[in-house]
Amino acid sequence: MIRITAGDHQVELTSGTRYELETVPKYFVKFPDFTVATLYRSGMVKSIGDVDLATFRTLGGSLVVLETDIKTGGYLTHKVTEEDRRRFSAVMDDLIEIGECFGQGRQSSIEYFEQLEYEPDVPTEEEIRAFFRRIKSPGELESIAARINALLGPMDIVHPTIGDLDYLAYSLSSGCDGGCAKCSFHHVRNLTPRSEAEVQAQIDLYRGLFPARERAQFEIFAGNHRGLGIDFELFSGFVEQIRIGAGMSEGRVFTFCNAEDVLRLNDQYGMKELERRMLKMGVYLNFGVESGSCQGLREYGKNTSLEAIRQALALLKRTRIPHSVNIISGTDWENHTWATVKLFRSLYRPGDNRPMVYASEFMDERGEIDRSLAAQQYQMFRNALNDCGIYVFRYTFVPFNTLMP
């Protein structure tokens, strides 16, 4: 642990925390009010907050309030208040001022204390001074966000399994042909693959933002709404292009699909070959089940069937492909809760490859949520499914480059 005094500012700096092991190298700057700023060593801020609640800034520029659900490991997003924005801005201003103190040779001191057990290394004084001078200002962050958004286009949500891991988002396709009538995200209703040149432009941008040793450890979010909906050979080629071009050799690949994609790929390759290729790529799948009730699927407007969902889950359970699914809590569709529980309990036995399940609160067309019913159904899902080895997490969509209202 290192205590830093620069001008009127006094902060503590560590090179790790007990909560993060073997991740992209970062520094954690703790302020006297216990606010913690988490920054990549190249100077990009990841989050500002504390252990339980963080104002989280994605590389796309979004500000969201992200709460860690300690009991389940899930993540909840909340409306960003003006106080949240002021807190974020105030901390960023303080960080920039500390950097200016070091850059201008103003009065400052760096005191070393014991190296904590979870700190991977201890930076030198020059490394500390250089780090603070590298921190991106709010204006630079806005410029970077605009460049990323221009290249990626709308990407409303990130893969839920990522949580608050370190990831770089790539858009391998645009649009979404899901057609879900009650989906919160309405963009172009067709799915169009990106070109090799468009993916290369994204690679070039990230190469300019992060050094090679950082890029190598980032996870890859291969978006956007249904990244695996495009031709699998094209998808695989894009991932290889990112691995080589961006030097992202270590990170896993998180992507969305739907049940029909799993069935289509099984028809094309067979599950054994598909399993081999996905494991080699490090793919983590996620798709929306939403409900085990036929009426529920109709109410939501999904252009899929319960039988297709069941078949896709049955195929995946006989593989080692990591996957997760989303379900909805807080809706009164006929037999929704028990039909959804029955779907999972009837499918899985000990030894099967079981998905993680993310339960999200349902928002109706008026933007209203029945939180009491959602909490009740979430608890029912958790009690009924955890007993058979399926872990249920609370989750609300974390946006990538769409500002929360």
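None of these values were measured; they are calculated from a predicted model. (Residues numbered from 1 in each chain as written. Predicted model: local features only at pLDDT ≥ 70, side-chain atom pairs only at ≥ 80, totals over all residues. Heavy atoms only, no water.)

**Describing the overall build of the protein**
Here comes step 1: Of the regular secondary structure elements, the protein holds 12 helices and 18 strands.
Here comes step 2: The C-alpha radius of gyration computed for the protein amounts to 22 Å, which stays within 12% of the reference 22 Å derived for 405 residues, consistent with globular compactness.
Here comes step 3: Counting only C-alpha atoms, the protein reaches 70 × 45 × 40 Å along its principal axes.
Here comes step 4: Contacts in the protein between residues at least 24 apart in sequence constitute 73% of all its contacts with a sequence separation of at least 6.
Here comes step 5: Total accessible area on the protein stands at roughly 17,900 Å², and carbon and sulfur atoms take up 50% of it.
Here comes step 6: One way to put it: in the protein the 46 positive side-chain charges average out to a point 5 Å from where the 56 negative ones average out. (Helix = DSSP H or I, 4+ residues; strand = E, 2+ residues; numbered from the N terminus. Rg over C-alpha atoms; globule rule 2.2 N^0.38 Å. Contact = heavy atoms within 4.5 Å. Areas by Shrake-Rupley, 256 points an atom, 1.4 Å probe, with all protein chains shown as cover. Lys, Arg positive; Asp, Glu negative; His and termini not counted. Charge placed at Lys NZ, Arg CZ, Asp CG, Glu CD.)

**Notes on the pairing of strand β10 (residues 167-171)**
Here comes step 1: For β10, the tally of buried residues reaches 5 of 5 residues, placing the bulk of the element in the interior.
Here comes step 2: Alternating positions in β10 separate into two faces, Y167, A169 and S171 on one and L168 and Y170 on the other, with burial throughout.
Here comes step 3: Across 5 bridges, the pairing between β10 and strand β13 (residues 219-223) is parallel. Bridging from a neighbouring strand, A169 pairs with F221 of β13. (Buried < 20%, exposed > 50% of the residue type's maximum accessible area, 1.4 Å probe, protein only. Pairing = 2+ DSSP bridges.)

**Considering a negative patch on the surface**
Here comes step 1: On the surface, D8, D93, E97 and E100 cluster together into a negatively charged patch.
Here comes step 2: Tracing the chain through its elements places E97 in helix α1 (residues 82-103). (Patch = residues over 30% accessible without salt bridge, like charges linked within 9 Å, V, L, I, M, F, W, Y side chains within 5 Å. Salt bridge = Lys/Arg side-chain N within 4 Å of Asp/Glu carboxyl O.)

**What about the nonpolar core?**
Here comes step 1: Residues F132, F235 and F344 are the most contacted members of the largest nonpolar core, which totals 113 residues.
Here comes step 2: Ranked by the residues each element gives to this core, the list is headed by helix α10 (residues 306-316), at 8 residues.
Here comes step 3: In this view, F235 contacts L172, A222, G227, L228, I230, V253, T255, M281 and V283; residues no more than four positions away in its chain are not counted. (Core = buried A, V, L, I, M, F, W, Y, C linked by side-chain atoms within 4.5 Å.)

**A few points about the packing of aromatic side chains**
Here comes step 1: Applying the stated criterion to the full structure yields 16 aromatic pairs.
Here comes step 2: Measuring from centroid to centroid gives 5.8 Å for Y40 and F210, while their planes differ by 90 degrees, and the two rings are edge-to-face. Here Y40 is found in strand β4 (residues 36-40), whereas its partner F210 is found in the loop between α4 (196-209) and α5 (212-215), with 170 residues between them in sequence. When sorted by exposure, Y40 lands in the same class as F210, which is buried.
Here comes step 3: Site record: aromatic cluster; members linked through ring pairs are Y27, F102, F131 and F132.
Here comes step 4: When the ring centre of Y27 is taken as reference, the NZ or CZ atom of R41 above it lies at 4.3 Å. (Phe/Tyr/Trp six-rings, centres within 6.5 Å; stacked < 30°, edge-to-face > 60°. Lys NZ or Arg CZ within 6 Å of the ring centre and 35° of its normal.)

**A few points about the side chain of K317**
Here comes step 1: Mapped onto the elements of the fold, K317 is located in the loop between α10 and β16 (323-329).
Here comes step 2: On the basis of relative accessibility, which here comes to 16%, the residue K317 falls in the buried class.
Here comes step 3: The contact partners of K317, leaving out residues within four places of it in the chain, are L347, Y348, D352 and N353.

**Looking at the packing of helix α6 (residues 232-245) against helix α8 (residues 271-281)**
Here comes step 1: Contact geometry for α6 and α8: axes closest at 11 Å, N-to-C directions at 20 degrees. Here α8 runs roughly parallel to α6, going by the angle between their axes. Taken as a pair, α6 and α8 cross one another with a handedness that is left-handed. Of the residues in α8, those touching α6 at F232, E233, F235, S236, V239 and R243 are L274, R277, M278 and M281.
Here comes step 2: Looking at the contact of α6 with α8 residue by residue, the class counts come to 6 nonpolar, 1 polar and 3 charged. (Axes fitted to C-alpha atoms, helices over the stretch in contact; angles between N-to-C directions. Parallel < 35°, antiparallel > 145°, perpendicular 65-115°, else oblique. Left-handed = near helix turned anticlockwise from the far one by under 90°. Nonpolar A, V, L, I, M, F, W, Y, C, P; charged D, E, K, R; others polar.)

**Observations regarding the side chain of T340**
Here comes step 1: Mapping T340 onto the fold places it in helix α11 (residues 336-347).
Here comes step 2: Of note is the side chain of T340, whose polar atom sits 2.9 Å from the backbone nitrogen of G292.
Here comes step 3: Not counting chain neighbours up to four residues away, the residues in contact with T340 comprise S291, G292, S293, I327 and F381. (Polar contact = N/O pair within 3.5 Å; in protein donor to acceptor, adjacent residues only side chain to side chain.)

**Considerations on α4**
Here comes step 1: Between its first and last C-alpha, α4 extends 20 Å over 14 residues, near the 20 Å set by a 1.5 Å rise per residue.
Here comes step 2: By the burial criterion, the buried members of α4 are V199, Q202, I203, L205, Y206 and L209. The buried side chains of α4 occupy one side of the element, clustering within an arc of 160 degrees when seen end-on. Facing away from the buried side of α4 by more than 90 degrees, the exposed set consists of E196, A197 and G208.
Here comes step 3: Where α4 is buried, its residues meet α3 (138-152), β10, α5 and α6. (Expected span 1.5 Å × (residues − 1). Arc of directions from axis to C-beta.)

**Describing the packing of helix α7 (residues 259-269) against α8**
Angle between the axes and distance between the axes: these two values describe a pair of packed helices.
Here comes step 1: Between α7 and α8, the shortest axis-to-axis distance is 7 Å and the interhelical angle comes to 105 degrees. As far as their axial angle goes, α8 and α7 are roughly perpendicular. Where α7 approaches α8, its residues L265, N266 and Y269 are matched on the opposing element by M271, E273, L274, R277 and M278.

**Here's the deal with the sheet that holds β10**
Here comes step 1: With parallel pairing, the 7 strands of this open sheet are ordered in space as β10-β13-β14-β15-β16-β17-β18. Pairing within the sheet leaves two strands with one partner each, and these edge strands are β10 and β18 (392-394). Direction aside, neighbouring strands of the sheet carry axes that sit 25 degrees apart on average.
Here comes step 2: The pairing of strand β15 (residues 283-290) with β16 spans 5 bridges and is classified as parallel. Counterpart to L285 in the pairing with β16 is H323.

**Digging into the pairing of strand β1 (residues 2-6)**
Here comes step 1: Here β1 shows a buried face lined by I2, I4 and A6 and an unburied face lined by R3 and T5.
Here comes step 2: Sheet analysis places β1 next to strand β9 (residues 108-112), joined by 5 bridges and oriented antiparallel. The residue of β9 that forms the bridge with T5 is S109.
Here comes step 3: Two strands pair when backbone bridges link them, and β1 and strand β2 (residues 9-14) are joined in this way by 5 bridges, in the antiparallel orientation. Counterpart to R3 in the pairing with β2 is E12.
Here comes step 4: Taking the residues that link successive antiparallel strands as the turn, the β1-β2 hairpin has 2 residues, and the phi of G7 there is positive, at about 60 degrees.

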